[in-house]
Amino acid sequence: MVQGRGVTGPMPANTLGSVKLLNLDHVAIAVADLDAAIDGYRRRYRVEPVSRERVESQGVEEAMIPVGGSFVQLLQPLGPETPVGRFMSKKGEGLHHVAYAVVSIDAALEHLSTVGARLVDTEARPGGRGARVAFVHPADLGGTLIELVELADG
């Protein structure tokens, strides 16, 4: 049973109304030094990033480390006034957000808006790996920033 924010009644497991959550896409960890964090994961857990890129629109440099069917995303802010930079000035290094893959980010945002979710983004924006992303405010549910990810085709 789901209640609150204009939503009442049973909802199917693993769905946002008609919007299916496909997978836990990644767990994002804010770090001060991306190279040191990658080295730490490499030495401790014997894993290598499959990608590393600078995402100017998000104000981060990121590395994606595969774990099962998901990723650990290490995020280094490009500056103190970026969203991750502000997060780190308040909370330091650590868990930044949890991301779920969706088939259609536009449908997901429309549904969430309809049910009264508190959105950071009302429209998708470019993310890493060529994905379209949008964020749901941590105050909306459980105090955790949620990212919705629509992966690029191919």
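Attention in this report is confined to the structure presented alongside it.

The rules we used
Every chain begins its residue count from 1, and numbering advances along the sequence as written. Confidence filtering applies because this is a predicted model: local features only for residues at pLDDT of at least 70, side-chain atom pairs given and counted only at 80 or more, and all residues used for totals across whole chains, interfaces and linings. Note that the side-chain values use all heavy atoms of the structure and ignore hydrogens as well as water. A run of H or I in DSSP counts as a helix once it spans at least four residues, and a run of E counts as a strand once it spans at least two, with each numbered from the N terminus. Here the term buried applies to any residue with accessible area under 20% of the maximum for its type, exposed to any over 50%, and partly exposed to those in between, with areas from a 1.4 Å probe on protein chains only. It only takes one pair of heavy atoms within 4.5 Å for two residues to be counted as in contact. Residue-level accessible areas treat just the shown protein chains as cover; the underlying method is Shrake-Rupley with a 1.4 Å probe. By this rule the span expected of a helix is its residue count minus one, scaled by 1.5 Å. Polar contacts, as counted here, are pairs of nitrogen or oxygen atoms within 3.5 Å of one another; within protein the pair requires one atom able to donate a hydrogen and one able to accept it, and residues that are adjacent in sequence qualify only if both atoms are side-chain atoms. DSSP-based pairing: two strands are paired if at least 2 bridges between them are found. Think of it this way: a Phe, Tyr or Trp ring, Trp meaning its six-membered ring, pairs with another when their centres are within 6.5 Å, and the plane angle makes it stacked under 30 degrees, edge-to-face over 60, tilted otherwise. Charge over a ring is defined by NZ of Lys or CZ of Arg lying within 6 Å of the ring centre and within 35 degrees of the ring normal. In these notes, a set of buried Ala, Val, Leu, Ile, Met, Phe, Trp, Tyr and Cys residues joined through side-chain atoms within 4.5 Å is what counts as a nonpolar core.

Observations regarding the overall build of the chain
Then, in step 1: Looking only at helices and strands, the chain features three helices and nine strands.
Then, in step 2: Taking all 154 residues of the chain together, the buried fraction comes to 42%.
Then, in step 3: In the chain, the share of contacts with a sequence separation of at least 24, taken over all contacts with a separation of at least 6, comes to 52%.
Then, in step 4: Of the accessible surface of the chain, which amounts to about 8600 Å², a share of 52% is contributed by carbon and sulfur atoms.

Describing helix α1 (residues 34-45)
Then, in step 1: Taking 1.5 Å as the rise per residue, α1 with 12 residues should run 16 Å; its terminal C-alpha atoms sit 16 Å apart, in good agreement.
Then, in step 2: Along its buried surface, α1 packs onto β3 (51-55), β4 (60-67) and β5 (70-77).
Then, in step 3: You can read the cap of α1 off the contacts: a side-chain oxygen lies 3.1 Å from the backbone nitrogen of Asp-35, and it is on Asp-33.
Then, in step 4: Backbone geometry just downstream of α1 places Arg-46 in the positive-phi region, at approximately 55 degrees.

Observations regarding the environment of Val-98
Then, in step 1: Mapped onto the elements, Val-98 comes out in strand β6 (residues 94-102).
Then, in step 2: Remark: the alpha-carbon pair of Val-98 and Thr-144, spanning 46 residues in sequence, is separated by 7.4 Å.

Comments concerning the environment of Ala-108
Then, in step 1: With respect to the element layout, Ala-108 can be found in helix α3 (residues 105-114).
Then, in step 2: Judged by its relative accessible area of 0%, Ala-108 falls in the buried class.
Then, in step 3: For the pair Ala-108 and Val-19, spaced 89 residues apart in the sequence, the C-alpha separation amounts to 5.7 Å.
Then, in step 4: Setting aside chain neighbours within four positions, we find Ala-108 in contact with Val-19, Val-102 and Leu-148.

Describing the pairing of strand β8 (residues 132-136)
Consecutive residues of a regular strand have side chains that alternate between opposite faces of the sheet.
Then, in step 1: Of all five residues in β8, four are buried; the element is thus mostly enclosed.
Then, in step 2: The hairpin turn running from strand β7 (residues 125-126) into β8, its antiparallel successor, is five residues long, and Arg-129 in that turn takes a positive phi close to 60 degrees.
Then, in step 3: Of the strand pairs in this sheet, β8 and strand β9 (residues 146-150) are connected by five bridges, and their pairing is antiparallel. From the neighbouring strand, Phe-135 faces β9, where its bridge partner is Glu-147.

Some remarks on the packing of aromatic side chains
How two aromatic rings sit relative to each other is set out by the distance from centre to centre and by the angle between their planes.
Then, in step 1: Overall, the coordinates contain one aromatic pair when judged by the stated rule.
Then, in step 2: Seen from their ring centres, Tyr-41 and Tyr-45 are 5.6 Å apart, and the 50 degrees between their planes marks the pair as tilted. A residue pair is termed a helical-turn pair when its members lie 3 or 4 positions apart in one helix, as Tyr-41 and Tyr-45 do in helix α1 at four residues.
Then, in step 3: Owing to a relative accessible area of 21%, Tyr-41 belongs among the partly exposed residues under this scheme.
Then, in step 4: Taking relative accessible area as the criterion, Tyr-45 reaches 55% and is therefore assigned exposed.
Then, in step 5: Stacked on the ring of Phe-71, the Lys or Arg Arg-129 has its end atom at 5.1 Å from the ring centre.

Thoughts on the nonpolar core
Then, in step 1: Counting 13 residues, the largest nonpolar core has Val-102, Ile-105, Leu-109, Leu-112, Leu-119, Val-136 and Leu-148 as the members making the most contacts within it.
Then, in step 2: Taken together, the elements giving at least two residues each to this core come down to β6, α3, β8 and β9.
Then, in step 3: Looking at this core, the element that brings in the most residues is α3, giving four residues.

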